[in-house]
Amino acid sequence: ERKNAEKKLKQSIKELKDYKEALDESCIVAVTNQQGIITHVNDNFCEISKYTRDELIGQNHSIINSGYHPKEFIKNLWATITYGKVWRGEIKNKAKDETYYWVDTTIIPFINKQGKPFQYIAIRADITKRKKAEQELNELNEHLELKVIERTAQLETVNKELESFSYSVSHDLRAPLRAVTGYANMLEEDYQTKIDEEGKRLLSIIKYNAEKMGQLIDDLLSFSRLGRKEMQTTNVDMNGLVEGVLIEIDKVTKHQAEIKVNKLHHIKSDYGLMNQVMINLISNAIKYSSKNKTPTIEVKSKLVGNDLVFSVQDNGAGFDMRYVDKLFGVFQRLHTQDEFEGTGVGLAIVQRIISKHGGRVWAEGKVNKGAAFYFSIPQS
Amino acid sequence: MENIEIEILLVEDNPSDAELTIRAFKKSNVANKIVHLKDGAEALDFLFGKGVYSTRNINNKPKVILLDLKMPKVNGIEVLREIRSNALTKKIPVVILTSSNEDPDIKACYELGVNSYIVKPVGFKNFTDVVSKLGFYWLLLNKSPNE
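Residues numbered from 1 in each chain as written. Chains lettered and ligands numbered in written order. Predicted model: local features only at pLDDT ≥ 70, side-chain atom pairs only at ≥ 80, totals over all residues. Heavy atoms only, no water.

> Go over the overall build of chain A, please, and point to the residues and values.
Within chain A one finds nine helices and twelve strands. Put simply, chain A has 380 residues, and 34% of those count as buried. Summarising the internal contacts of chain A: among those between residues at least 6 apart in sequence, 57% fall at separations of at least 24. A total accessible area of about 24200 Å² is found for chain A, and carbon and sulfur atoms account for 54% of it. (Helix = DSSP H or I, 4+ residues; strand = E, 2+ residues; numbered from the N terminus. Buried < 20%, exposed > 50% of the residue type's maximum accessible area, 1.4 Å probe, protein only. Contact = heavy atoms within 4.5 Å. Areas by Shrake-Rupley, 256 points an atom, 1.4 Å probe, with all protein chains shown as cover.)

Pasting the structure below:
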């Protein structure tokens, strides 16, 4: 019986010894009395603080204070542990050679029978490296922030320059253009008896080109104005939007196209810009299928993964897939003015708008077998 | 010079635009008494009887002033401001007729109390159309204040 008790005690003691050794091996350990005087330190403590054991025992723990933490912090620490509660936190300490180190600290009070702490054990892990990395990261972030501010200012300048450029274009280019058209007309009117058929033909070409130039200027301006607008995102009912688009188009264009609109998804997008996209795509479809005996157009949408994919399909003139890359370029066209009129900016505008929404555009077609234009917008 | 009765005061620095405008008014038979001045400074002298116009009867006021915005010396906005801040001229209808389609300009003009803001169309036919409609509206349809 006594032997058993002894055996159990020996086991307990060995277990405790093993625990202590494991603790000493893996952590930085210090024990102080309730006044904060160091009564025990392990080898790791000596190593990190660069003091010898003799230099530490009997000293106040404040010997390793770095002065980094505010008074409130220290007060709070003491308040916690004298109350008998465990304190956890990160502390910056100062070593003997005046260098600094950071430790992740847990301070555990040992409570006596009266419920008061009689000693404290501090168990720590060296986190100096991690703290340094954190600081470097913060500095990098700050530096990045400054760079962003600088770049934004640069971009704002460029934007302002673009604005005054388009303003110039809008105002200064239009005036001489108006004069060309105006005077050609005056010539025609006032000298019609004195100009022969050929002369009249030449005059009409002058007028036609002046008008084209006006159209080009307007298109270029709306293209550039696009980039500068702020997006206002709402949940757009695409069926309602397309309905409105069709009514608008009917006001301006007479056409025979049969347009089928399926049930469309709602898109989180800028209403005005989406309106522009659908006007351009549907007008194109109508225009390029206008030579067909039975022009038909279909608008549909589907959800593919995280993207909403819309398509406008027609059975018109189509295009050669070899030139598909040119389709969305500004002023790029795959047909001549005689075949189909236009300035070639409609699709470029569509692409710009869809890009602004974080989506992409693409197209498929076959000569004389129709074309399908797609755009996808990620559902955020 | 002293007693020319004036119906339209056209303030326009671009001679081609001026010629087109005057021609359009004449063709539509809306107005005959058009005075064309080439810059804002001259327009103000004319309206207030200063400089070369000091002998003009300034109570002989135009029925409507057509004003371009971008002119040398004194621009359209400054002329508008002067017109609107002077008891003699502040009730005269002013129509801005300009190439500029830019919002800041439009806003500024309305804030100064312009009656109408028209952007000159590029196409000639449209331009003559607009001018004759302007003439018809401001000279025949619209009621001017009795003065």
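> Residue-level account of the packing of aromatic side chains, with values.
One pass over the structure, following the stated rule, counts ten aromatic pairs over all chains. Here the aromatic cluster, defined as three or more aromatic residues joined through ring pairs, consists of Phe319(A), Phe328(A) and Phe373(A). Directly above the aromatic system of Tyr100(A) lies the positively charged group of Lys92(A), at a separation of 4.8 Å from the ring centroid. The lysine or arginine in question, Arg56(B), covers the ring of Phe46(B), its NZ or CZ lying 3.8 Å from the ring centre. (Phe/Tyr/Trp six-rings, centres within 6.5 Å; stacked < 30°, edge-to-face > 60°. Lys NZ or Arg CZ within 6 Å of the ring centre and 35° of its normal.)

> Help me get a handle on helix H4 (residues 71-82) of chain A, residues and values and all.
For H4(A), with twelve residues, the first-to-last C-alpha span of 16 Å sits near the 16 Å given by 1.5 Å per residue. With its phi angle positive at about 95 degrees, Gly84(A) sits one or two positions after the end of H4(A). (Expected span 1.5 Å × (residues − 1).)

> Residue-level account of the pattern of salt bridges, with values.
Side chains that differ in sign of charge can pair as their charged atoms come close. All told, the structure shown has 28 salt bridges over all chains when counted by the stated rule. Two residues, Glu6(A) and Arg2(A), come together in a salt bridge whose shortest N-O distance is 3.7 Å. One end of the pair is Glu6(A) and the other is Arg2(A), both in helix H1 (residues 2-26) and four residues apart, which spans about a single turn. Look at Glu6(A) and you get partly exposed, because its relative accessible area is 41%. According to the relative accessible area criterion, Arg2(A) is exposed, its value standing at 67%. We note a salt bridge from Lys120(B) to Asp68(B), for which the minimum N-O separation is 3.6 Å. Taken together, the residues span a long stretch of sequence, with Lys120(B) in the loop between strand S5 (116-119) and helix H5 (124-141) and Asp68(B) in the loop between strand S3 (64-67) and helix H3 (76-84) at a distance of 52 residues. Judged by its relative accessible area of 3%, Lys120(B) falls in the buried class. (Salt bridge = Lys/Arg side-chain N within 4 Å of Asp/Glu carboxyl O.)

> Outline the sheet that holds strand S4 (residues 100-111) of chain A, listing residues and values.
Strand-to-strand pairing in sheets goes through backbone hydrogen bonds, with the strands running parallel or antiparallel. Residue and element names in this part refer to chain A. As summarised here, the arrangement of the five strands in space is S2-S1-S5-S4-S3, forming an open sheet in which the pairing is antiparallel. Two strands lie at the open edges of the sheet, namely strand S2 (38-41) and strand S3 (87-94), each paired on one side alone. Sheet twist, expressed as the average angle between the axes of neighbouring strands with direction ignored, equals 30 degrees. Relative to strand S5 (residues 117-126), strand S1 (residues 28-33) is paired through six bridges, and the arrangement is antiparallel. Along S5, the bridge assignment pairs Val29 with Ile123. Lying on the sheet, H4 is in contact with S3, S4 and S5; it crosses S3 at an angle near 135 degrees. (Pairing = 2+ DSSP bridges. Axes fitted to C-alpha atoms, helices over the stretch in contact; angles between N-to-C directions.)

> How would you explain the pairing of strand S9 (residues 296-304) of chain A if you had to name every residue and give the values?
Residue and element names in this part refer to chain A. In this structure, strand S7 (residues 258-261) lies alongside S9, joined through four bridges in parallel fashion. Bridge assignment links Glu258 to a residue of S9, and that residue is Thr296. Across eight bridges, S9 lies against strand S10 (residues 307-314) in antiparallel orientation. Directly across from Lys300, in S10, lies its bridge partner Ser311. In sequence, S9 turns back onto S10 through a hairpin of two residues, with Gly305 there showing a positive phi of about 65 degrees.

> Quick one: what's the story with a nonpolar patch on the surface, residue by residue and with numbers?
Residues Leu216(A), Leu220(A), Val330(A) and Phe331(A) make up a contiguous nonpolar surface patch of roughly 280 Å² in combined accessible area. Note that Phe331(A) resides in the loop between S10 and helix H9 (346-356). (Patch = residues over 30% accessible without salt bridge, like charges linked within 9 Å, V, L, I, M, F, W, Y side chains within 5 Å.)

> Break down the packing of helix H8 (residues 271-288) of chain A against H9(A) for me, citing the residues and quoting the values.
Residues and elements named next belong to chain A. Interaxial distance between H8 and H9 falls to 9 Å at its minimum, and their mutual angle equals 145 degrees. Considering only the axes of H8 and H9, their crossing is left-handed. In this structure, H8 contributes Leu273, Met274, Gln276, Val277, Asn280, Leu281 and Asn284 to the contact, and H9 contributes Gly346, Leu347, Ile349, Val350, Ile353 and Ile354. (Left-handed = near helix turned anticlockwise from the far one by under 90°.)

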